[in-house]
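Here is how the chains run, residue by residue.
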Amino acid sequence: MTAPERRKNFTLRELVDKAYLIIEPFFAPDNAWNGQMLEHLAYRVVREQLPDIPPADVQIIVSAATRTYRARHPAR
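Computed from a predicted structure; not experimentally measured.

> Describe in detail the packing of helix H1 (residues 10-23) against helix H2 (residues 39-49), supporting the description with residues and values.
Between H1 and H2, whose axes approach to 10 Å, the crossing angle comes to 125 degrees. Our classification of the angle between H1 and H2 gives oblique. With respect to the hand of their crossing, H1 and H2 are arranged in right-handed fashion. The residues of H2 that touch H1, namely those facing Ala19, Ile22 and Ile23, are Ala42, Val45, Val46 and Gln49. Grouping the constituent residues of the contact of H1 with H2 by class yields six nonpolar, one polar and no charged.

> Please set out H1 residue by residue, giving values where relevant.
Under the 1.5 Å per step criterion, the end-to-end length of H1 is 20 Å for 14 residues, consistent within 8% with the ideal 20 Å. Turning to H1, its buried residues number three or more, namely Leu12, Leu15, Val16, Ala19, Tyr20 and Ile23. Along the long axis of H1, the arc covered by the buried residues comes to 140 degrees, so they all point the same way. Along H1, exposed side chains directed more than 90 degrees from the buried face belong to Thr11, Glu14 and Leu21. Against the buried residues of H1 lie H2 and helix H3 (55-72).

> Describe the nonpolar core, listing the residues and the values that go with them.
Counting residues in each nonpolar core, the largest one holds 23 residues, and the members touching the most others are Ile23, Val46, Ile61 and Val62. At the level of elements, H1, H2 and H3 are the ones that each hand at least two residues to this core. Other than its neighbours up to four places away in sequence, Val46 contacts Ala19, Ile23, Ile53, Val58, Ile61 and Val62.

The rules behind the values
- Residues numbered from 1 in each chain as written.
- Predicted model: local features only at pLDDT ≥ 70, side-chain atom pairs only at ≥ 80, totals over all residues.
- Heavy atoms only, no water.
- Axes fitted to C-alpha atoms, helices over the stretch in contact; angles between N-to-C directions.
- Helix = DSSP H or I, 4+ residues; strand = E, 2+ residues; numbered from the N terminus.
- Parallel < 35°, antiparallel > 145°, perpendicular 65-115°, else oblique.
- Left-handed = near helix turned anticlockwise from the far one by under 90°.
- Contact = heavy atoms within 4.5 Å.
- Nonpolar A, V, L, I, M, F, W, Y, C, P; charged D, E, K, R; others polar.
- Expected span 1.5 Å × (residues − 1).
- Buried < 20%, exposed > 50% of the residue type's maximum accessible area, 1.4 Å probe, protein only.
- Arc of directions from axis to C-beta.
- Core = buried A, V, L, I, M, F, W, Y, C linked by side-chain atoms within 4.5 Å.

What follows is the structure in structure tokens.
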């Protein structure tokens, strides 16, 4: 049995997938500066690469990408 689809905004979901490929390196602990994560730079890159989306969607995209990264890399 498959789980029902919870997502309502499929366009935003596609943007999350697209942005994740671009911003994934910012979440890697190996890329931290002086022990600080570079997540804040992910916001800038998403705004630069997807300039037509509203700021609220940028927040959603980066938050979803962060959760995706943590789910895929639990040991980090």
